[in-house]
Amino acid sequence: MNSTDQRHESKTKLLNAALHLIRAKGYEATRIEDICETAGLTKGSFFHHFKSKEDMALAAAQYWGEMTGGFFASADYRTLPDPLERFLAYVDFRKAILQGELPNFTCLVGTMVQEAYDTHPAIREACNKSISDHAATLVPDIEAAMKEHGLQSEWTAESLALYTQATIQGAFILAKAKHGPEVAAACIDHLRRYIELLFKQPQQETL
């Protein structure tokens with residue numbers, strides 16, 4: 001399956017149901033029956049599109065990557081001319097979308113990989129691809145900002161891009177632990193301050 005596939009309406013309903021339920025309950029606790037009930041479809045429809053629950057999870061991870069990729073690519077901050085401002089505005093955007101109930105803003109692949117990293121290698125790899133591909137979209141702006149600010153460090157644009165994802169995924173975990181978005185917003189604020197410090201004091205940076 002790729003972004004050019006024409007998905008059947010019922011398959012899209014099942015994937016959307018899976019996205020919501022897995023973010024709300026976790027991968028292991030989400031049953032095929034739950035997905036079908038939420039989608040308003042039968043198990044026959046489920047198995048018409050997916051060979052198994054794991055097959056559905058792999059499709060859901062790809063579907064998630066396609067949806068979120070388009071969402072971020074079309075965000076207003078992408079039009080900012082300065083690369084550092086774009087990067088910081090990305091962080092601000094991540095904070096701004098902490099809206100609604102926890103399943104509405106937490107990450108599907110971040111949730112799945114916490115459970116499946118050892119027991120379901122294929123799911124782990126699908127989640128890794130989704131997170132890494134998203135981090136890679138930040139690299140060009142970070143590299144351009146490093147060049148403009150004369151920043152020479154042992155760390156790389158790739159490592160900083162992944163660090164942003166580690167912070168955001170950790171913020172989601174804390175939001176779940178404390179059952180509210182406030183702690184996640186505070187963590188993202190700290191992330192922004194850290195990035196600003198990196199670029200304001202390049203001559204002192206040795207990390």
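This text goes with the structure placed above it.
Residues numbered from 1 in each chain as written. Predicted model: local features only at pLDDT ≥ 70, side-chain atom pairs only at ≥ 80, totals over all residues. Heavy atoms only, no water.

S.K.: Got a minute to help me understand the overall build of the protein chain in this structure?
M.R.: Of the regular secondary structure elements, the protein chain holds eleven helices and zero strands. Helices (α) and strands (β) of the protein chain occur, in sequence order from the N terminus, as α-α-α-α-α-α-α-α-α-α-α. Scaling as 2.2 N^0.38, a compact globule of 207 residues should have a C-alpha radius of gyration of about 17 Å, and the protein chain matches this with 19 Å. Here the protein chain, with 207 residues, has 45% of them falling under the buried criterion. (Helix = DSSP H or I, 4+ residues; strand = E, 2+ residues; numbered from the N terminus. Rg over C-alpha atoms; globule rule 2.2 N^0.38 Å. Buried < 20%, exposed > 50% of the residue type's maximum accessible area, 1.4 Å probe, protein only.)

S.K.: Any chance you could explain the packing of aromatic side chains here in plain terms?
M.R.: Each aromatic ring pair is described using two quantities: the centre-to-centre distance and the angle formed by the ring planes. Enumeration over the complete set of coordinates arrives at ten aromatic pairs. Ring centres of Phe71 and Phe72 lie 5.5 Å apart, and the angle between their planes is 75 degrees; on these two criteria the pair is classed as edge-to-face. With 5.4 Å between their ring centres and 35 degrees between their planes, Phe71 and Phe93 make a pair best called tilted. A residue pair is termed long-range when its members are at least 10 positions apart, and Phe71 in helix H4 (residues 53–73) and Phe93 in helix H5 (residues 83–96) qualify at 22 residues. Of the aromatic side chains, those joined through ring pairs into one cluster are Phe71, Phe72, Tyr77, Tyr90 and Phe93. Across the ring face of Tyr27, the terminal group of Lys53 is positioned such that the distance to the ring centre comes to 4.4 Å. (Phe/Tyr/Trp six-rings, centres within 6.5 Å; stacked < 30°, edge-to-face > 60°. Lys NZ or Arg CZ within 6 Å of the ring centre and 35° of its normal.)

S.K.: Explain helix H7 (residues 108–116) to me, please; I cannot follow it from the model alone.
M.R.: Side chains that are three or four residues apart share a direction in an α-helix, a result of its 3.6 residues per turn. Listing the buried residues of H7 in full gives Leu108, Val109, Gly110, Thr111, Met112 and Ala116. Elements in contact with the buried residues of H7: helix H1 (9–25), H4, helix H8 (121–136) and helix H10 (157–178). (Contact = heavy atoms within 4.5 Å.)

S.K.: Help me understand the side chain of Ser130, please; the structure alone is not making it clear to me.
M.R.: The topology assignment puts Ser130 in helix H8. Excluding anything up to four places from it in sequence, Ser130 contacts Ala61, Trp64, Gly65 and Val109.

S.K.: I would appreciate a short explanation of the nonpolar core in the present structure.
M.R.: One broad trend across soluble globular proteins is that nonpolar side chains are buried collectively. Formed by 65 residues in total, the largest nonpolar core has its most connected members in Met112, Ile142 and Phe199. Those residues in contact with Phe199 that lie beyond four places of it in its chain are Leu84, Ile142, Ala145, Met146, His149, Leu151, Trp155 and Leu160. (Core = buried A, V, L, I, M, F, W, Y, C linked by side-chain atoms within 4.5 Å.)

S.K.: I'm lost on the environment of Gln169 in this one. Help?
M.R.: Along the chain, the position of Gln169 falls in helix H10. Judged by its relative accessible area of 16%, Gln169 falls in the buried class. It is 24 Å that separates the C-alpha atoms of Gln169 and Glu154, two residues lying 15 residues apart in sequence. Aside from chain neighbours lying at most four places away, what touches Gln169 is Cys107, Gly110 and Ile131.

S.K.: Help me understand the pattern of salt bridges in this model?
M.R.: According to the stated counting rule, one finds eleven salt bridges in the structure shown. A salt bridge links Lys25 to Asp34, with the nearest nitrogen and oxygen atoms 2.9 Å apart. Owing to a relative accessible area of 10%, Asp34 belongs among the buried residues under this scheme. Notably, a salt bridge pairs Lys43 with Glu33, separated by 3.1 Å at the nearest N-O pair. Note that Lys43 is positioned in helix H3 (residues 43–49) and Glu33 in helix H2 (residues 32–39), a separation of ten residues in sequence. Residue classification places Lys43 among the partly exposed positions, given a relative accessible area of 40%. (Salt bridge = Lys/Arg side-chain N within 4 Å of Asp/Glu carboxyl O.)

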